[in-house]
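The chain contents come next:
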Amino acid sequence: MDLFTYMRSANMEKESPLAARIRPATLEEVVGQQHIIGKDKLLYRAIKADKISSIIFYGPPGTGKTTLAKVIANTTSAEFTQINATVAGKKDMEEVVKAAKDTLGMYGKRTILFIDEIHRFNKGQQDYLLPFVEDGTIILIGATTENPYFEVNSALISRSVIFELKPLSREDIKELLRRAVYDTEKGMGAYDAVIEEDAMEFLADLSGGDARHALNAIELGVMTTNRSEDGKIHITLEVAQECIQKRAVRYDKTGDNHYDTVSAFIKSMRGSDPDAAVYYLARMLYAGESVTFIARRIMICASEDVGIADPNALTVAVNASLAVERVGMPEAQIILSQAVLYVACAPKSNACVNAIGEAMKTVEETGNLPIPTHLQDAHYKGAAKLGHGTGYLYAHDYPNHYVKQQYLPYELSGREFYHPSGNGYEIKVKEHMKRIKNQKETGNNELGNRKE
C-alpha cells in the first residue's frame, strides 16, 4: 500500500458515517444476535477457532450482517476480500479468484470473500463461484436481506451454513445509542453530547430493530444541534423527532396509554368496527409497536371473539403472523391491515371461550372422573383383558357418521359445554348437531342401522 492509498483509506475511515465507524471489531463488542454468537453457539466457536466455512447471513437491514463479516475479517488468519453484488461483475470475481489462487499457492493462506447483497448476483454469476467454493480456493460469506433459499443457488446453499439474524431488540438499540453518544474512540463522545431517556426510547422504538437507522439519526442530531448554556449538546425528544422526521405519539409501552390503545384495538375488532380497528392499528404501528405483538393480539381475537362463526378468521390471522415476520415493515402493515379488517368484519361468537371456560371449571370441581370403559385404549398390554375398549361403537359405521353413546364420564352425563351461537358458520354447526342427535338413537346392541 502506497502513501496516497494509505491516506485515502485513513480519511475515508475518519469521514465515514457513524454506523460504519462504531462497527465492532471483536465478537465481545457485538450487540444482539446471541442466538448465533453466544459463547456456546457454533458461529462463536468457529470464529474463535478460526475455522470458518462458507456462510450466508440472512436478515433485515441493520441487524449486523456486515458487522459479523468484519469481525471475522479482524480475527481470521485468512485473506479477506469484500465486494458488493450491486456493482461487482464477473471481471471483479475473476480478479478475486486469481488473487486467491496466488495467495493460496504462495503463502498457503485461504481467502474469505465477503459478498454483500449476494442475492443481486444472477444465476451465472453465482455459478461461477461454485467450483472455487467447492475446492476451497474461496471461503464464501454472503449477506442478503432476501430468503437465501429462494434467491441463492441451491448448490451454494448446500455448501454453506445459513445463519438468520433477527431485528435488534429495543434494549440492543439503546445500548448502541449510548455507545454512539458517549464513546470517545469510535463514537461521538468528543462532542460532549447527552441523550435524554425519552429520546433514546423514541429512537429505539422507531428504528424497528435497524441499528443503522438509529445511528444515522443520532449522528444527525449531534452534528446539527446547538450547544445549550451548559456547553453540552442535548439530544431531546424534539431533536430526535426532527432527525427521524417522525412525530412521537404518546405511547409508553409499559404505561396506561399502551394498554388503553391495545384495549381499544381489541374491542373495536370484537365490536365489528373495522374503521376503528384499523385506526388503532395505525396508532400502534406509528408508535413503533412490535408487529409480532400486534399479530398475536389478532390471533387471540380471531379465536376468542370469532371462533367457529368464521373458522377462516384464525387461518387469516395465523398466516398474517407468519407473513409479517418474513416480510417486515413497511409492507407488514398491509398484511396486518388485511387480518384486522377480516377479523373485524367476521361474524362473532365467543362460544369457544365459554366452552373451554365451563369445561375447565368442571374439571377443577370434579377432578379426574373415570373415563367410560368403552372409550379407553385397548391396545396396550393387558388392556383388553380389563375390558378396555369393549363395546365401543365406531361412528363411521353409522348413518351421518354418528352414533349415540356415552362420551363424557357417566357422572357428567347430559352436560353441555359448547353452545353454538346463531351467527355465521355456527348456524350450520348448530343445525348439523341438532340433525344428527335427533336421528334414531342406536344402542350398543342396535347394529341394524349400520351403513352398508
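All values derive from a computational prediction rather than experimental measurement.

All right, on to unusual backbone geometry then. Only a minority of non-glycine residues have a phi that is not negative, and only a minority of peptide bonds are not trans. Look at the link from M329 to P330: it is a cis peptide, with omega at 10°. With respect to the helices, strands and loops of the structure, P330 is situated in the loop between α17 (312-327) and α18 (332-345). Of note in the backbone geometry, D50 takes a positive phi value of approximately 55° without being a glycine. Position of D50 relative to the elements: it lies in the loop between α4 (42-48) and β1 (55-58). D50 gets classed as partly exposed once you look at its relative accessible area, which sits at 26%.

Below, the discussion takes up the nonpolar core. One broad rule of soluble globular proteins: the nonpolar side chains tend to lie buried together. If you look at the biggest cluster of nonpolar residues, it comprises 32 residues, and the most contacted ones within it are I195, L203, I218 and I235. Listing elements by their share of this core, those giving two or more residues are α2 (18-21), α10 (170-182), β6 (193-195), α11 (197-206), α12 (211-224), β7 (233-235) and α13 (237-244). Among residues more than four places away in sequence, those in contact with L203 are L177, I195, A214, A217, I218, A240 and I244. Formed by 29 residues, the second largest nonpolar core is a distinct cluster that contains L285, V291, A295 and I298.

Moving on, we get to the pattern of salt bridges. Once the charged atoms of two side chains with opposite charge are near each other, the side chains can pair. If you walk through the whole model with that rule in mind, you get 17 salt bridges. Ionic pairing is found between E219 and R21, a salt bridge with its closest N-O pair at 3.5 Å. Taken together, the residues E219 in helix α12 and R21 in helix α2 connect sequence positions 198 residues apart. You can call E219 buried: its relative accessible area is 16%. The exposure class assigned to R21 is partly exposed, which follows from its relative accessible area of 23%. Through salt bridges with shared partners, one network takes in R170, E171, K174, E197 and E201.

Let us look at the sheet that holds β1. What the 5 strands build is an open sheet, ordered β2-β3-β4-β1-β5; its pairing is parallel. Each edge of the sheet is formed by a strand with only one pairing partner; in this case those strands are β2 (79-84) and β5 (161-164). Going from strand to strand, the sheet's axes swing by 15° on average, the running direction of each strand aside. Where β2 and strand β3 (residues 111-116) come together, 6 bridges link them in parallel fashion.

Most of strand β4 (residues 138-144) sits inside the fold, with 7 of its 7 residues counted as buried. What you see with β4 is no split at all: I138, L140, G142 and T144 on one side and I139, I141 and A143 on the other are buried throughout. As paired elements, β1 and β4 share 4 bridges and run parallel to each other. In the strand pairing of β4, F57 is matched with A143. Relative to β4, β3 is paired through 6 bridges, and the arrangement is parallel. When the sheet's bridge partners are listed, T111 is paired in β4 with I138. For the crossover from β3 across helix α7 (residues 123-134) to β4, the handedness is right-handed.

In contact at an axis separation of 10 Å, helix α6 (residues 90-107) and α7 are set at 10° when each is read in the N-to-C sense. The angle between α6 and α7 places the two elements in the roughly parallel class. Within the contact between the two elements, α6 uses K90, M93, E94, V97 and K101 and α7 uses Q125, Y128, L129 and F132. Partitioning the contact of α6 with α7 into residue classes produces 5 nonpolar, 1 polar and 3 charged.

Another aspect to go through is the environment of K48. Take K48: it is sitting in helix α4. For the pair K48 and T75, spaced 27 residues apart in the sequence, the C-alpha separation amounts to 7.5 Å. When residues no more than four places from it in sequence are discounted, the contact partners of K48 are L27 and E28. Polar side-chain contacts of K48 include one of 3.0 Å to the side chain of E28.

Our focus in this paragraph is the environment of D50. Linking D50 and A78, residues 28 residues apart in sequence, is a C-alpha distance of 8.6 Å. In contact with D50, not counting residues within four places along its chain, are T75, T76 and S77.

Let us look at the confidence of the model for the protein. For the protein, per-residue confidence averages 84 on the pLDDT scale, and residues scoring 70 or more make up 88% of the total. Here residues 441-452 scores under 50 on pLDDT; set against residues more than four positions off or in separate chains, the count is 23 contacts.

Turning next to α6. Compared with the 26 Å implied by 1.5 Å per residue over 18 residues, the 25 Å span of α6 between its first and last C-alpha is a close match. Of the residues flanking the end of α6, it is G108, one or two places downstream, whose phi is positive at about 70°.

For α11, a buried count of 7 out of 10 residues is recorded, marking the element as mostly surrounded by other parts of the structure. Of the residues making up α11, those classed as buried are A199, M200, F202, L203, A204, D205 and L206. Trailing α11 by a residue or two, G208 shows a phi angle of about 65°, which is positive.

Attention shifts here to the side chain of N153. The topology assignment puts N153 in the loop between α8 (148-151) and α9 (154-158). Engagement of the side chain of N153 in a polar contact is seen with the backbone oxygen of K123, the distance being 3.5 Å.

A surface patch of nonpolar side chains, amounting to about 220 Å² of accessible area, comprises L314, V318 and L322. Its place among the elements puts L322 in helix α17. Look at L322 and you get partly exposed, because its relative accessible area is 45%.

Together, E196, D198, E238 and E242 give the surface a local cluster of negative charge. Among the secondary structure elements, E238 is positioned in helix α13.

Glancing now at the packing of aromatic side chains. Applying the stated rule across the entire model yields 4 aromatic pairs. Where F80 meets F114, the ring centres are 6.5 Å apart and the plane angle is 25°; that geometry is what we call stacked. Of the two residues, F80 is situated in strand β2 and F114 in strand β3; the sequence distance between them amounts to 34 residues. Judged by its relative accessible area of 22%, F80 is partly exposed.

How each quantity is defined
Residues numbered from 1 in each chain as written. Predicted model: local features only at pLDDT ≥ 70, side-chain atom pairs only at ≥ 80, totals over all residues. Heavy atoms only, no water. Helix = DSSP H or I, 4+ residues; strand = E, 2+ residues; numbered from the N terminus. Buried < 20%, exposed > 50% of the residue type's maximum accessible area, 1.4 Å probe, protein only. Core = buried A, V, L, I, M, F, W, Y, C linked by side-chain atoms within 4.5 Å. Contact = heavy atoms within 4.5 Å. Salt bridge = Lys/Arg side-chain N within 4 Å of Asp/Glu carboxyl O. Pairing = 2+ DSSP bridges. Axes fitted to C-alpha atoms, helices over the stretch in contact; angles between N-to-C directions. Right-handed = clockwise from strand over helix to strand, strands pointing away. Parallel < 35°, antiparallel > 145°, perpendicular 65-115°, else oblique. Nonpolar A, V, L, I, M, F, W, Y, C, P; charged D, E, K, R; others polar. Polar contact = N/O pair within 3.5 Å; in protein donor to acceptor, adjacent residues only side chain to side chain. pLDDT = per-residue confidence, 0-100. Expected span 1.5 Å × (residues − 1). Patch = residues over 30% accessible without salt bridge, like charges linked within 9 Å, V, L, I, M, F, W, Y side chains within 5 Å. Areas by Shrake-Rupley, 256 points an atom, 1.4 Å probe, with all protein chains shown as cover. Lys, Arg positive; Asp, Glu negative; His and termini not counted. Charge placed at Lys NZ, Arg CZ, Asp CG, Glu CD. Phe/Tyr/Trp six-rings, centres within 6.5 Å; stacked < 30°, edge-to-face > 60°.

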